[in-house]
Amino acid sequence: MWLYYLFLLSQFFISSQAHLLEGLYCGKENCYDVLGVTRDADRQLIGRNYRQLAKKYHPDLHKGEKAKQEAEEQFKRIARAYEILRDDEFRADYNYMLDNPDAYYSHYYRYYRRRTKVDVRLVVLATISVISLVQYFSRKQRYEEAIKYFMTVPKYRNKALEIINQNGSVTKKGSSKSKLSKGERKEESERNIRKVIEENLDIQGAYAKPQITDILWIQILLIPYTLAKYVKWNVLWIYKYSVLKRPYDLEDKLYLIRKNMNLGVHQFKGIESEKIDEYLEKELWIKSNYKDWKGAQEEEMKRQMADNPRYKAYRRYMKNHGPGRLTFDD
């Protein structure tokens, strides 16, 4: 019978300490118990008990290596508990942990916020700055990849050379073609081709030239302007097309087509102009027209797949053998 009571006592002790997290505050110990006070104790009582215990366990008052080491450990425990309980904000966070044992992530956040003394606002600002830098340089890298690619495509390269020959090549100031070496002339030619492609080729979509307004920092600063613009756009839309019953403008037709296709701005801008003209010709900004067109596209795709020899072989395999499976017998 006494073993049963001992078991219940041990379980009660374990459960009472379960809310104490290793590495936070006083670890698995209760800071109030370390200083021998209750949660209702005021700062004067906490300070008095700390001074008494600190004097008792100060390492300089003990002789012998082992005694000094044990006293030093006790002194650290006491100092740690006092550091937490003497500070009202630190103590409030500690009491919150005792009262809310399940809020693990909140405890770690509160603890390290006090320990590191780092303003959360600075962390947010730094995070936004890092994201903005990554955004800009990743967009710049993609744009550079697109320019380098178009410089290798014969169609665009030959067109650029044609424009250069018509307008005359541009060399660096203070130098002439006759003074340039073969390698320098090649570099000059590549530089001119790149310049012509950048000026005349309108790259859209994810590989478009990076704009300052695409950066997160600028977007956040422009939130009031963006909201005002959004409200104004919706009011004008309702007034023009719901009240006045005007026909859609070209820009608004393209917006409705993009909305029907569920495409982002950069995705839609990446579509070739011939395709855009086809969408406008078929009046895909009208929902019913878009549904009919989409259905026809899906049927055409099914027909092409049905005529594809590989797809036919796949269908025969699925009909004869069914979907692939793996068993222990295999």
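Higher on the page you've got the structure.
Draft legend 1. Quick peek at the packing of aromatic side chains. Considering all chains together, one arrives at 15 aromatic pairs under this definition. The interplanar angle of 80° and the centroid separation of 5.0 Å between the aromatic rings of Phe150 and Tyr156 together place this pair among those described as edge-to-face. On the basis of relative accessibility, which here comes to 17%, the residue Phe150 falls in the buried class.

Draft legend 2. Just the state of the cysteines, in detail. Across all of its chains, the model carries one disulfide by this definition. Here Cys26 engages in a disulfide with Cys31; their sulfurs sit 2.0 Å apart. Since a negative S-S torsion denotes a left-handed disulfide, the Cys26-Cys31 link at about 115° is right-handed. For Cys31, a relative accessible area of 0% gives the class buried.

Draft legend 3. Local environment of the nonpolar core. Tyr25, Cys31, Leu35, Ile46, Ile84, Leu85 and Tyr94 are the most contacted members of the largest nonpolar core, which totals 22 residues. Counting residues per element, the ones that place at least two in this core are α2 (31-35), α3 (43-56), α4 (65-85) and α5 (88-99). Looking at this core, the element that brings in the most residues is α4, giving five residues. Excluding residues within four positions of it along the chain, Ile46 makes contact with Leu35, Val37, Ala41, Tyr82, Leu85 and Arg91.

Draft legend 4. Spotlight on the packing of helix α11 (residues 223-243) against helix α12 (residues 250-261). Running from amino to carboxyl end, α11 crosses α12 at an angle of 105°, the nearest separation of the two axes being 13 Å. By the criterion of interaxial angle, the relationship of α11 to α12 is roughly perpendicular. Contacts from Trp233, Trp237, Lys240 and Tyr241 of α11 reach α12 at Asp252, Tyr255 and Leu256. A class-by-class count of the residues in the contact of α11 with α12 yields five nonpolar, no polar and two charged.

Draft legend 5. Quick peek at the packing of α4 against α5. Two elements in contact, α4 and α5, have axes separated by 6 Å at closest approach and are oriented at 100°. Judged by the inter-axis angle, α4 sits roughly perpendicular to α5. Judged by residue contacts, Glu83, Ile84 and Leu85 of α4 engage Phe90, Arg91 and Tyr94 from α5. Tallied by class, residues from the contact of α4 with α5 come to four nonpolar, no polar and two charged.

Draft legend 6. Seen up close, a positive patch on the surface. Together, Lys259, Lys287, Lys291 and Lys294 make up a region of like positive charge exposed at the surface. Sorting elements by how many residues they give to the positive patch places helix α15 (residues 287-307) first, with three residues. The residue Lys259 is located in helix α12 in this model. On the basis of relative accessibility, which here comes to 51%, the residue Lys259 falls in the exposed class.

Draft legend 7. Representation of the pattern of salt bridges in the model. Counted according to the given criterion, the structure contains 14 salt bridges. Ionic pairing is found between Lys240 and Asp249, a salt bridge with its closest N-O pair at 3.1 Å. The partly exposed category is assigned to Asp249, whose relative accessible area is 39%. Here Lys275 makes a salt bridge to Glu278, at a shortest N to O gap of 3.9 Å. Taken together, the positions of Lys275 and Glu278, both in helix α14 (residues 273-281) and three residues apart, correspond to about one turn of that helix. Accessibility expressed as a relative area gives 39% for Lys275, which makes it partly exposed.

Draft legend 8. Looking closely at a negative patch on the surface. On the surface, a cluster of negative charge is contributed by Glu272, Glu274, Asp277 and Glu281. Here Glu281 lies in helix α14.

Draft legend 9. Spotlight on the environment of Asn95. As for its position among the elements, Asn95 is in helix α5. A relative accessible area of 17% places Asn95 in the buried class. Along the chain, Asn95 and Arg39 lie 56 residues apart, while their C-alpha atoms are 8.3 Å from each other. Those residues within four positions of Asn95 in sequence are excluded, and the remaining contacts are Tyr32 and Arg39.

Draft legend 10. Broad picture of unusual backbone geometry. Phi at Lys245 is positive, roughly 60°, even though this residue is not glycine. Relative to the elements of secondary structure, Lys245 occurs in the loop between α11 and α12. Relative accessible area serves as the criterion here: at 64%, Lys245 is assigned to the exposed category. Positive phi, close to 55°, is recorded for Glu283, a residue that is not glycine. The topology assignment puts Glu283 in the loop between α14 and α15.

Procedures and definitions
- Residues numbered from 1 in each chain as written.
- Predicted model: local features only at pLDDT ≥ 70, side-chain atom pairs only at ≥ 80, totals over all residues.
- Heavy atoms only, no water.
- Phe/Tyr/Trp six-rings, centres within 6.5 Å; stacked < 30°, edge-to-face > 60°.
- Buried < 20%, exposed > 50% of the residue type's maximum accessible area, 1.4 Å probe, protein only.
- Disulfide = S-S within 2.5 Å.
- Core = buried A, V, L, I, M, F, W, Y, C linked by side-chain atoms within 4.5 Å.
- Helix = DSSP H or I, 4+ residues; strand = E, 2+ residues; numbered from the N terminus.
- Contact = heavy atoms within 4.5 Å.
- Axes fitted to C-alpha atoms, helices over the stretch in contact; angles between N-to-C directions.
- Parallel < 35°, antiparallel > 145°, perpendicular 65-115°, else oblique.
- Nonpolar A, V, L, I, M, F, W, Y, C, P; charged D, E, K, R; others polar.
- Patch = residues over 30% accessible without salt bridge, like charges linked within 9 Å, V, L, I, M, F, W, Y side chains within 5 Å.
- Areas by Shrake-Rupley, 256 points an atom, 1.4 Å probe, with all protein chains shown as cover.
- Salt bridge = Lys/Arg side-chain N within 4 Å of Asp/Glu carboxyl O.
- Lys, Arg positive; Asp, Glu negative; His and termini not counted.
- Charge placed at Lys NZ, Arg CZ, Asp CG, Glu CD.

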